[in-house]
Amino acid sequence: MKILTRYILKEMIGPTLLGFGFYTFIILMKSLFDFAGMIIRRSLPAHTVGKLLLLSLPHIVVLTVPMSLLFGILIAIGRLSSDSEIIAMRALGISTSTIYKPVFFFSFIVFLLNLYLMNVVLPRGNTELVSLKAELFTSSVEKEIRPRVFYDEYENLVIYINDIEPRTGQWKGVFVADNRTDESNDISSTHAAEAAGAAMATAHPSSQKIIVAQTGNLSIVKSSKQVWLNLRTARTHVTDPRKPEKYDLNGNSVQRILLPDRFSQPDANQKVAHSFREMSLTELIRQAKILSHSDQVLYRIVRIELHKKFAIPFACLAFGIVG
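Residues numbered from 1 in each chain as written. Predicted model: local features only at pLDDT ≥ 70, side-chain atom pairs only at ≥ 80, totals over all residues. Heavy atoms only, no water.

## Digging into unusual backbone geometry
Formally: Numbering of helices and strands runs from the N terminus, with a helix taken as a DSSP run of H or I at least four residues long and a strand as a DSSP run of E at least two residues long. The rule is simple: take the accessible area with a 1.4 Å probe, protein chains only, and divide by the maximum for that residue type; under 20% is buried, over 50% is exposed, in between is partly exposed.
The backbone phi angle of Arg148 is positive, close to 60°, even though this residue is not glycine. Inspection of the secondary structure assignment puts Arg148 in the loop between helix H4 (96-144) and strand E1 (157-164). The phi angle at Thr233 is positive, at roughly 55°, despite the residue not being glycine. With respect to the element layout, Thr233 can be found in strand E5 (residues 226-240). Here Thr233 falls in the partly exposed class, since its relative accessible area comes to 42%.

Here is the structure:
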């Protein structure tokens, strides 16, 4: 590598690292404030808070890398220009392309780095972050739900338990008032699946469900980050205020209710168990082929995520030219 190339690269690396640290710190502090309510309410230990921030870094870094690159190039080339070093290079017969070649080389290296972060590190980081949030949520809900106190943190869903078995932590005397729409209310049973399915099929989206069970508990599916309310010896009462003469009753030895995700914003992406932001490039391409013939709304969302995989890293090349 020529001395001139090493010199220009050295001038850019310092400001770029400085900008990267500054921008990442600013956005990371915003994430910390977003987590503040959850941290204080659940009294999370320091190592858990650190893990939350660490897993938040991938989706922050992919944005701050292009920003810091532009900052580093502007500072480096600006200093060379202000100190008349570029004029001195031109006076020595060095062409402009030779001077700016290290800039484009540096931009291309950062582009490859950001491409790797966007397509490999980011999906894994998002998956682990959602899993950690789901685990914290489950453990906190078990602590927040207390005997003889109505738990109404969910929208249109109220949970009440009469007592908790001290030795096993099993709930006794569970009461659930579920006024959610059928699209957001996933219920499955084991021994009375056909009867439950028939009763649920007759329920209108505005129907009201009252579920009474002898025992129950919470569980989490780590692969899909789903939180389930497991009820045993349950009886479901389904009524429709617009049709008071209609009343459905079914009993299940085991009944499971999928609880909504309180951490992610509701959008069309929730129709898919595995979030698009947690998918790799190959998974997104496969998902796009499936949804292109079934759901155009989700298909467009997948296409946006696919474009992001390349558009954000390509910003490094664009910022290199602009700088």
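And the narrative resumes.
## Let's talk about helix H6 (residues 281-291)
Stated precisely, the cut-off is as follows: When we speak of the arc, we mean the arc of directions from the helix axis to the C-beta atoms. Whether two residues are in contact is decided by their heavy atoms: any pair within 4.5 Å suffices.
When H6 is considered as a whole, its buried residues turn out to be Leu284, Gln287, Ala288 and Leu291. For H6, the arc enclosing every buried residue in end-on projection is 105°, short of the 170-degree limit, so these residues lie on one face. In H6, the exposed positions that point more than 90 degrees away from the buried face belong to Thr282, Arg286, Lys289 and Ile290. Looking at the packing, one finds that the buried side of H6 touches helix H7 (296-322).

## A closer look at the pattern of salt bridges
Stated precisely, the cut-off is as follows: In the sections that follow, a salt bridge refers to a side-chain nitrogen of Lys or Arg positioned within 4 Å of a carboxyl oxygen of Asp or Glu.
Applying the stated criterion across every chain, the model contains 6 salt bridges. With its nearest N and O atoms 2.9 Å apart, the salt bridge here joins Arg79 to Glu11. Note that Arg79 is positioned in helix H2 (residues 46-82) and Glu11 in helix H1 (residues 3-42), a separation of 68 residues in sequence. Using a relative accessible area of 27% as the deciding quantity, one classes Arg79 as partly exposed. With its nearest N and O atoms 2.9 Å apart, the salt bridge here joins Glu165 to Lys172. One connected set of salt bridges, linked through shared partners, spans Glu11, Arg79, Asp83 and Glu85.

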